[in-house]
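Spelled out, the chains give:
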Amino acid sequence: EVVLAAVSNNWRALLCVDAGLREDREVVLAAVRSCGLALRVACPKLRADREVVLAAVQSYAAALQYASEELQRDREVVLAAVNRSGSALEYADQELRNDSEVVLASVSNYGASLQSASKDLRSDRDIVLAAVSNDWMAITYSGERPRADREVMLTVVSQHGQALSYAGAGPREDREVVLAA
């Protein structure tokens, strides 16, 4: 009970307990609910425990990096992480970085996570539009096709005029895009 209270108050208490307690599911679950970063000191068995990892990423999305490879491939776990913070996409399995729903959720709350998406999705108009709507700098991670898209570039240059330098030939010659810059 003392250990549970301690790790619930401050996950770092998990660093001070006997190693056997880091294998105790109830103790680790209490710690990751306090702060998902506690997952990094959990035993491998608990890093592969879906409930423990879900609790961790809901508290601290980047805890996904400490999850088992199997759970980094788990769509629900990854969606929970990227919905908390899009930056967690970099810790997802490559297959999920090519999943349009996962990537869209990620870039919608952290545009720069476009850099962790698959090459194909970095050229997907809707994904790039969502990313640049969140952060104009995301255009630097896009493929060439979105840079040639008028609507995408209007969105980008309306946030930062100098971003016109990232535009393809079409938008650079479009009067409205140039004036919006």
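Refer to the structure printed above.
The structure displayed is predicted, hence computed values, not measured ones. (Residues numbered from 1 in each chain as written. Predicted model: local features only at pLDDT ≥ 70, side-chain atom pairs only at ≥ 80, totals over all residues. Heavy atoms only, no water.)

Peer 1: Would you explain the packing of helix α1 (residues 2-9) against helix α3 (residues 25-34) in this entry?
Peer 2: The axes of two packed helices give the description: the angle between them and the distance between them. Closest axis-to-axis distance for the α1/α3 pair is 7 Å, and the angle between their directions is 20°. One finds that α1 runs roughly parallel with respect to α3. Helix-helix and strand crossings are classified by hand; for α1 and α3 the assignment is right-handed. For the pair α1 and α3, contact is made by Val3, Leu4, Val7, Ser8 and Asn9 and by Glu26, Val27, Ala30, Ala31 and Ser34, respectively. (Axes fitted to C-alpha atoms, helices over the stretch in contact; angles between N-to-C directions. Helix = DSSP H or I, 4+ residues; strand = E, 2+ residues; numbered from the N terminus. Parallel < 35°, antiparallel > 145°, perpendicular 65-115°, else oblique. Left-handed = near helix turned anticlockwise from the far one by under 90°. Contact = heavy atoms within 4.5 Å.)

Peer 1: Please clarify how the side chain of Ser68 should be interpreted in this entry.
Peer 2: Position of Ser68 among the secondary structure elements: in the loop between α5 (50-59) and α6 (69-72). Among the residues examined, Ser68 registers a relative accessible area of 17% and is labelled buried. Apart from residues lying up to four places away in sequence, Ser68 is in contact with Arg47 and Ala48. (Buried < 20%, exposed > 50% of the residue type's maximum accessible area, 1.4 Å probe, protein only.)

Peer 1: Teacher, can you tell me more about the environment of Ala148 here?
Peer 2: Looking at the secondary structure, you find Ala148 in the loop between α10 (144-147) and α11 (150-159). Ala148 sits in the partly exposed class, given a relative accessible area of 47%. In this structure the C-alpha to C-alpha distance between Ala148 and Ser108, which are 40 residues apart in sequence, comes to 21 Å. When near neighbours in sequence (up to four residues on either side) are disregarded, Ala148 contacts Gly168 and Pro171.

Peer 1: Help me out: how do you make sense of the packing of aromatic side chains in this one?
Peer 2: We describe a pair of aromatic rings using the distance from one ring centre to the other and the angle between the two ring planes. Scanning all chains against the criterion turns up one aromatic pair. Taking the centre distance of 6.5 Å and the plane angle of 50° together, the rings of Trp136 and Tyr166 count as tilted. Of this pair, Trp136 sits in the loop between α9 (125-134) and α10 while Tyr166 sits in the loop between α11 and α12 (169-172), and the two are 30 residues apart along the sequence. The class of Trp136 is buried, set by a relative accessible area of 17%. (Phe/Tyr/Trp six-rings, centres within 6.5 Å; stacked < 30°, edge-to-face > 60°.)

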